[in-house]
Amino acid sequence: MAHDLVSPGRRLMARLDEFAAFTDDPPKLTRLYLSDAHRRAAARYIAWAREGGLEARIDPAGNVVARYEGRRAGAPALMIGSHIDTVRDAGRYDGALGALAALATVEELAARGERLDFAIEIVAFGDEEGVRFPKTMTGSRSLAGLIEEGALDQKDAEGVVMRDALKAFGGDPERVAASRASGLAAFVELHIEQGPALEAEGLALGVVSAINGASRFDVEVRGVAGHAGAVPISLRRDALTASAEMILAVERRAREENELVATVGRLDVEPGAVNVIPGLTRFSIDIRAPRDERRRRAVADIAAAFDAIAALRGVALKLVQTHEASAYVCNANIVAGLIAAVEAIGQRPRLLPSGAGHDTMIMGQLCPAGMLFVRCKGGVSHNPLESISAEDCELALAALTRFVRDFRAG
Ligand code: GLV
Ligand code: MN
Ligand code: MN
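Owing to the predicted nature of the structure, the values given are computational and were not obtained by experimental measurement.

**Re the coordination of the manganese ion (ligand 3)**
Then, number 1: Donor atoms from the polypeptide that bind the manganese ion (ligand 3) are Asp-94 (OD), Glu-129 (OE), Glu-129 (OE) and His-382 (NE2), placed at 2.1 to 2.6 Å.
Then, number 2: Read in sequence order, the donor residues for the manganese ion (ligand 3) give the motif D-x34-E-x252-H.
Then, number 3: Between the two metal centres, the manganese ion (ligand 3) and the manganese ion (ligand 2), the spacing is 3.5 Å, with Asp-94 acting as a shared donor. Residue Asp-94 is found in the loop between strand 3 (77-83) and helix 3 (96-111), and its partner Glu-129 is found in the loop between strand 4 (119-125) and helix 4 (138-144); the two are separated by 35 residues along the sequence. Taken as a pair, Asp-94 and Glu-129 share a single burial class, namely buried.

**Regarding the site of ligand 1**
Then, number 1: In the vicinity of ligand 1, the contacting residues are Glu-128, Glu-129, Arg-216, Arg-288, Ala-356, Gly-357 and His-382.
Then, number 2: One of the side-chain N or O atoms of Glu-129 is found 2.9 Å from an oxygen atom in ligand 1.
Then, number 3: One nitrogen or oxygen atom from the side chain of Arg-216 is found 2.9 Å from an oxygen atom belonging to ligand 1.
Then, number 4: Taken together, the residues of the shell around ligand 1 break down into 1 nonpolar, 2 polar and 4 charged.

**What to know about the coordination of the manganese ion (ligand 2)**
Then, number 1: With distances of 2.0 to 2.2 Å, the protein atoms coordinating the manganese ion (ligand 2) are His-83 (NE2), Asp-94 (OD) and His-191 (NE2).
Then, number 2: Between the donor residues of the manganese ion (ligand 2), the gaps in sequence give the motif H-x10-D-x96-H.

**As for helix 7 (residues 239-255)**
Then, number 1: With 17 residues, helix 7 should cover 24 Å at 1.5 Å per step; its first-to-last C-alpha distance of 25 Å lies within 8% of that length.
Then, number 2: Every buried residue belonging to helix 7 is among Ala-239, Ala-242, Ser-243, Met-246, Ala-249, Val-250, Arg-253 and Ala-254, and all of these are buried. All buried residues of helix 7 lie within an arc of 130° about the axis, which places them on one face of the element. In this structure, helix 7 carries Arg-252 and Arg-255 as exposed residues pointing more than 90 degrees from its buried face.
Then, number 3: Residues of helix 7 that are buried make contact with strand 7 (213-222), strand 9 (261-263), strand 12 (280-289), helix 8 (292-313) and strand 13 (316-325).
Then, number 4: Where helix 7 begins, one side-chain oxygen reaches toward the backbone nitrogen of Leu-240, 2.7 Å away; that side chain belongs to Asp-238.

**Overview of the pattern of salt bridges**
Then, number 1: Summed over all chains, the structure comprises 38 salt bridges.
Then, number 2: Two residues, Asp-156 and Arg-132, come together in a salt bridge whose shortest N-O distance is 3.0 Å. With Asp-156 in the loop between helix 4 and helix 5 (162-169) and Arg-132 in the loop between strand 4 and helix 4, this residue pair connects regions lying 24 residues apart in the sequence.
Then, number 3: Judged by relative accessible area, which is 9%, Asp-156 ranks as buried.
Then, number 4: Look at Arg-132 and you get buried, because its relative accessible area is 17%.
Then, number 5: The salt bridge involving Glu-148 is made with Lys-135; its shortest N-O contact spans 2.9 Å. Within this pair, whereas Glu-148 is found in the loop between helix 4 and helix 5, its partner Lys-135 is found in the loop between strand 4 and helix 4, the two being separated by 13 residues in sequence.
Then, number 6: Taking relative accessible area as the criterion, Glu-148 reaches 29% and is therefore assigned partly exposed.
Then, number 7: A single network of salt bridges, built from pairs that share partners, joins Arg-253, Glu-256, Glu-257, Glu-259, Arg-294 and Asp-301.

Calculation criteria
Residues numbered from 1 in each chain as written. Chains lettered and ligands numbered in written order. Predicted model: local features only at pLDDT ≥ 70, side-chain atom pairs only at ≥ 80, totals over all residues. Heavy atoms only, no water. Donors = N, O, S within 2.8 Å, 3.2 Å for Na, K, Ca; no water. Helix = DSSP H or I, 4+ residues; strand = E, 2+ residues; numbered from the N terminus. Buried < 20%, exposed > 50% of the residue type's maximum accessible area, 1.4 Å probe, protein only. Near = heavy atom within 4 Å. Polar contact = N/O pair within 3.5 Å; in protein donor to acceptor, adjacent residues only side chain to side chain. Nonpolar A, V, L, I, M, F, W, Y, C, P; charged D, E, K, R; others polar. Expected span 1.5 Å × (residues − 1). Arc of directions from axis to C-beta. Contact = heavy atoms within 4.5 Å. Salt bridge = Lys/Arg side-chain N within 4 Å of Asp/Glu carboxyl O.

Structure representation (structure tokens):
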């Protein structure tokens, strides 16, 4: 077989290139949860797993999962994987790297007929980015037994209800909330760093100490639309200028504290005409910090600032929380195991926090969990320029495989 001639890391890089073709918006890579591209990507993942002798399936929430039994059938499992949905105009490594590396790890064991004292479950989560529907991490929340009330009734921008999209995808909406995984000994995710720390220090790999918590909101500001020529400035209730003040208040609050970040990433203006005073805006806010109490204080301050701005400008304000995830301190045993694995392949392990959110923070509420980071070029991510080297990919896969081989359930 051709793939026997190339190293596991190069084979993984080639698969990541192939996987990037599953997009809903070519030539850009956009693969949102339960989209056609997601369906085709999941099918490819399942086909690869089958070629490797694994029976993979779509679970109720639209994750792809497969199990590689240990020496004894039904033993507790180590779950490894990441997500295969993307942001819009994404890079090809965020998520896909960890999902395909999990498959590669099991293929390596299977090819050698190597069975461990525990089973390995691999997963390709479907909804980490939260771009299509307001709430996010439906896949890992389902496995962790943390599906929120009403989550399946959410609509995307086109009005498609998640429940219907999930059914069409091959999931089972009726079972999503009751799919809490049992028998998981731990969860580990390999992911690109998405920041510049490893590159700055000349290191290929990092072990994640903790993951930032996050709060997200949808904001609606309602003013009064009117004639751009006829209504004097002093008499306007302009939804967009009020929103501009609010957005700057978000940035100002984030600047006040180290490690606090806040982003308005989406803004829609209605009616959106050159000669009409904006009557309505909708925008998103995403607020993150390594400590929950610091994030909550920032959320409260931002909400108070918004109220004051709305009152002063005579606009109506609606703030709806769409996502809340607590910061997660990675499990100490998993962290120690990952450090040992990185050292075992001759690399210096660097402990670092994750600014980005990950399914690991949800899985960590179910079982011990942790993450391995690999350096990405310039720390660039959520951008088509996202890039990793084949050498680093090789090292990351080697460290993950080493961690798995040395893992002791319980
Ligand atoms: C996911 O990438 C997130 O942190 O928003
Ligand atoms: Mn990711
Ligand atoms: Mn991402």
